[in-house]
Amino acid sequence: MFDKIREIINRILNLNKTLDNYKKEAVVEALPSLAYVNRAKKCIDRGEFDKAKKILEEAMELPQEDALVYKYLGIVCDKTGRLAEAITAFKKSANINDADKEIWRFLGFALMNSNKCEEAIESFENANKINPANTDVFAGWGMALMKLKRYNEAHEKFMESVRLNRYNFMALLLAAIMEVRTGQYNEAEAKLNFLANVNPNETNTYEYANLKYIKKDYDSAIHYAKKALEFNPNMLPVYLLLGKLYAIKGDKKASLTAYETAKERKLESPHLYFDWAITMQMYENYEQAKLYFLKALSFAPGEEEANAGLALTEACLGNIDEAELLIKNIKSLNDENYLYAKATAVIAMYRNDFNTAITKLKNIQDKMFFDNTINLFIAVCYDELKDINNAKEYYENALLSAGDNLKVYLKYADFLIKHNDYESAQRKLNRALKLNENNIDVLNKLFHVGYILVKEKDSEYNMKETLAIADKIISIDNEAFLYPEEREDLENILKNR
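Please read these numbers as outputs of a predicted model, since none were measured by experiment.

Basis of the calculations
Every chain is numbered independently, its residues counted from 1 as its sequence is written. Under the rules for a predicted model, residues below a pLDDT of 70 receive no local features and side-chain atom pairs below 80 are neither given nor counted, while totals for whole chains, interfaces and linings still include all residues. Hydrogens and waters are ignored; side-chain quantities use all the structure's heavy atoms. In these notes, a set of buried Ala, Val, Leu, Ile, Met, Phe, Trp, Tyr and Cys residues joined through side-chain atoms within 4.5 Å is what counts as a nonpolar core. Relative accessibility thresholds used throughout: buried, under 20% of the residue-type maximum; exposed, over 50%; partly exposed, between the two (1.4 Å probe, protein chains only). The contact definition used throughout considers only heavy atoms, calling two residues in contact when any of these lie within 4.5 Å. A score between 0 and 100, pLDDT records how confident the predictor is in each residue. To get an axis, fit a line to the C-alpha atoms, keeping to the stretch in contact for a helix; angles then go from 0 to 180 degrees between the N-to-C directions. What counts as a helix is a DSSP run of H or I of at least four residues, what counts as a strand is a run of E of at least two, and both are numbered from the N terminus. With respect to orientation, any angle under 35 degrees is reported as roughly parallel, any angle over 145 as roughly antiparallel, any angle of 65 to 115 as roughly perpendicular, and every other angle as oblique. The hand of a helix crossing depends on one turn: near helix anticlockwise from the far one by less than a right angle means left-handed, and clockwise means right-handed. Gly falls in the polar group here, along with every residue not listed as nonpolar (Ala, Val, Leu, Ile, Met, Phe, Trp, Tyr, Cys, Pro) or charged (Asp, Glu, Lys, Arg). How far a helix is expected to stretch is found by multiplying one less than its residue total by 1.5 Å.

**Student:** Before we move on, can you summarise the nonpolar core with the specific residues and values?
**Tutor:** The tendency in soluble globular proteins is for nonpolar side chains to be buried as a group. Counting residues in hydrophobic clusters, the biggest one holds 169 residues, and the most contacted among them are Leu56, Phe90, Val238, Leu242, Leu245, Trp276 and Phe447. Aside from chain neighbours lying at most four places away, what touches phenylalanine 447 is Thr466, Ile469, Ala470, Phe481, Tyr483, Glu486, Arg487 and Leu490.

Listed below in structure tokens is the structure:
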């Protein structure tokens, strides 16, 4: 009996407590749902989203529908990533009270984040009608247009957002990004320079670095990319940018280190392996490039640009049938795409259609301006067409940005040797030797060229210099020396003097 009485008392106390809370939280006691909303709002402020959702669902069982209940339910769902539920709740709230100053903005952002950009634009238009001159509305409106690649219209909205609030740095950043997309580099630089200095953070600094890269100010680009990593050492786009920048600068070690660091930081993604593969192609390491393209495709099977890259790699490896099969299965790309165009150019080159290959390669030179191999391929094609002057020109172009890539020097030397220009070949090989004094391939070719030249111009000093090259190769690797008969010939000539 006592237990039953105590239970009744507790129920009464709990009921009184609920009524007291209701009186404190409800703005208008005639609408009991407001108490639920206010309790839910406090939970949202504390980050207790599940609890807030449960409270709002209880409010939905009340006889009278309240737009605020659905509005805050939408907010909870949006904050917890349940965008479809958020959109449903926001739409329900808007149907009940379409004059709410915030609901159309909330709905617009939820739709935009769900890639329903046309609907989002309509919501932002409604938001602007009900609550004009709101900086966030114009920012969201611009984002929806940006996703639809309507960059000029997006730029207008972002600039209006900034006009309404000059401290809306996110809108200012997005306006600058739109200017980069539309080629208004000077306007973008003014904004990004301001942001990088007045409001420095990882995003502003990275975008400034990227603009410097586009404008070919590579040293500044590297400087700002490094600063971005100081803000956030886990920014994958920065490592990808640095990989490209160091490749352009001819610093192979630093370029590959950027990709390795991203991998070590567990930033693995199709983008990492895709960019890494392209860089390996630049260094003509096609076996490694193939592995990285396959890795990228393991993350995103069927991704056509990665398949185009794989086709290019197969073509450069001489696997023309495999390359043609990959190209045949690509439906959405054409010669406007750098990888697709280069792959079909290399296939044409291997099929002895050199004029087609040259045309395709020249058309894509500006699309990937740090791809040094394009000059090499064009040079090879001109050589096959017996156009020696153009071949030389493109080999020279390749050398300008070869950096420490010895393959460029070796291929150029082979070309010069083939055309009996031994003195020029010797000069190129001596330049290559300064990059790596112990490279066996360079030393062997240098000995071969030196042997031919001393046979043509009898010089005891040059003979001794050439024999010294042979001795150096043998000291490094006795099995690696390729010209024992020529060495013996020179030794005999010196003995008989």
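**Student:** Requested: an account of the confidence of the model for the protein, with residues and values cited.
**Tutor:** When pLDDT is averaged across the protein, the result is 91; 93% of the residues are at 70 or more. Residue range residues 1-30 is modelled with pLDDT below 50. Its contacts to residues more than four positions away, or to other chains, number 16 contacts.

**Student:** Residues and numbers for the packing of helix H21 (residues 354-363) against helix H22 (residues 373-384), please.
**Tutor:** Interhelical geometry of H21 versus H22 gives an angle of 155° and a closest axis separation of 9 Å. Judged by the angle between their axes, H21 and H22 are roughly antiparallel. Where H21 crosses over H22, the handedness of that crossing is left-handed. Note on element contacts: H22 touches H21 through Ile374, Phe377, Ile378, Cys381, Tyr382 and Glu384, opposite Phe354, Ala357, Ile358, Leu361 and Lys362. Class assignment of the residues belonging to the contact of H21 with H22 gives a composition of 9 nonpolar, no polar and 2 charged.

**Student:** Lay out the environment of aspartate 335 in plain terms, naming residues and giving numbers.
**Tutor:** Structurally, the position occupied by aspartate 335 is in the loop between helix H19 (320-328) and helix H20 (338-350). In the structure, aspartate 335 is positioned 187 residues away from leucine 148 in sequence and 24 Å away in space, judged by C-alpha atoms.

**Student:** Tell me about helix H11 (residues 185-198), residues and numbers included.
**Tutor:** Helix length check: H11, at 14 residues, gives a terminal C-alpha distance of 19 Å against a target of 20 Å (1.5 Å per residue), a fit within 8%. Restricting attention to buried positions, one finds in H11 the residues Ala188, Glu189, Lys191, Leu192, Leu195 and Ala196. Summarising the contacts, the buried residues of H11 are in contact with helix H9 (151-164), helix H10 (169-181), helix H12 (202-214) and helix H13 (218-231).

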